[in-house]
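What the coordinates show
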Amino acid sequence: MDRARVDYWTALRDGDRPAALAAIKQMRDTGRTHLEVIDEVIVPAQEQVAGHWLAGEWTAAQRQVATAINEGLVHWLCSFAPSPPADRPLVVVATLEPEELPALVLAEGLTSASYRTTLVGGDGVADDLLRQVLGRKPRALLVSASRASSLARLKPVLGHLLATGVPVVALGAAFGGDPARATAIGATAYAASLEEAVILLEQLPRRLPTRSPEPPGPAEVEAAWLGEFRHEITPYVLRALAARHPARTVDGMQPRWWAELEELVDHVLGCLASSLVTGDETIMVEVREWLTRVLEARGAAALVQDVWEVLALPLRGHPLARVHLAGSAIARGTADGGQTDGVATPA
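Here's a quick rundown of the structure. (Residues numbered from 1 in each chain as written. Predicted model: local features only at pLDDT ≥ 70, side-chain atom pairs only at ≥ 80, totals over all residues. Heavy atoms only, no water.)

**A few points about the packing of aromatic side chains**
Think of a pair of aromatic rings as described by two things: how far the centres are apart, and how the planes are tilted against each other in angle. Counted according to the given criterion, the structure contains six aromatic pairs. Seen in terms of ring centroids, Trp 225 and Phe 229 are 5.6 Å apart; in terms of plane orientation they differ by 40 degrees. Their pairing is tilted. In this pair, Trp 225 and Phe 229 are both assigned in helix α10 (residues 218-244), four residues apart and thus about one turn of the helix distant. Since its relative accessible area comes to 24%, Phe 229 is described here as partly exposed. (Phe/Tyr/Trp six-rings, centres within 6.5 Å; stacked < 30°, edge-to-face > 60°. Helix = DSSP H or I, 4+ residues; strand = E, 2+ residues; numbered from the N terminus. Buried < 20%, exposed > 50% of the residue type's maximum accessible area, 1.4 Å probe, protein only.)

Next up, the structure:
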């Protein structure tokens, strides 16, 4: 590993943005292109950041600082990229997630493929996205999603775009390599990579037949309820976990990672909603396995079962959500040797 890359990782670890920028400048001075730096240095570094957090070696705050540095430097590097010709097609790249790095990298890859690109993200993405599509009439919309918990929020957004006829291509780890998840939320097609996305942009019709979104079915109604009340359900689960595990509080202080539980539980709730709107129960199996890894690294794997048991209580009256929740516990128990985890399947 060259010295500049070592210096860059050290700067990320220390949360030192000026030092990270200096390392990137050094790479550019040696002749690396902006795409090479992004693909060979920043993207792998972000994977390392995620790995250190998953292993319990970094806090969520350290991960957020390092991610912000990576995102900022991708923006900076992109400023050196030549602009595509004005007559090239325009595409819109959108993400609903707070961490925009995958969408940034996708947008820059499309720019390098000579597409004019606009990136839409942030809290007001739904309204802004509709304005961009209606006002600018892009060749296509590309939706980047890394977290499965984003899919339930994406579906109503894409539903509103059906009337425009603009093709939608979905990319990202949230889809688990499964095109069915993409089409279930209203995407026209799924691409497993930037290269596949570019091929699709050449093949898809410029406009699709316009249609109105279908009325929500029972699963989507329950998913919408979860989205509306996540801010109440998550604190309820956290209080119940604290009551079940008073021994984890020493002298009034909880372990450092306990503060991360809010984000973890909220992610599980988002995945449950996504499981409902896609009809794909494997999303809940995957998030349970992921949460087990996270909490095992923090010496608290037993909390996973508690999360599932406590979460089942506010879901009374929402039978499909309870089925998806219970099914993931049964699948996990079967994989472990035929024993379920004790979450009852609702009648």
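**Observations concerning unusual backbone geometry**
Phi is positive for Ser 114, close to 75 degrees, though the residue is something other than glycine. Looking at the element boundaries, Ser 114 is found in the loop between α5 (101-112) and β2 (116-120).

**Some details on helix α7 (residues 151-161)**
Every α-helical turn comprises 3.6 residues, leaving residues that sit three or four positions apart pointing alike. All of the buried residues in α7 are Leu 151, Ala 152, Leu 154, Val 157, Leu 158, Gly 159 and Leu 161. Taken together, the buried residues of α7 touch α6 (125-136), β3 (140-144), β4 (168-171), α8 (179-184), α11 (261-278) and α12 (282-296). (Contact = heavy atoms within 4.5 Å.)

**Remarks on the nonpolar core**
Looking at soluble globular proteins, one finds that nonpolar side chains tend to be buried together. Counting residues in hydrophobic clusters, the biggest one holds 66 residues, and the most contacted among them are Leu 129, Leu 141, Leu 261 and Trp 308. Here this core gets 10 residues from one element, more than from any other, and that element is α11. Every residue in contact with Leu 141, bar those within four places of it in the chain, is listed here: Val 92, Ala 94, Leu 129, Leu 158, Leu 161, Val 166, Pro 167, Val 168 and Val 169. With 24 residues, the next largest nonpolar core counts Leu 12, Ile 24, Met 27 and Ala 45 among its residues. (Core = buried A, V, L, I, M, F, W, Y, C linked by side-chain atoms within 4.5 Å.)

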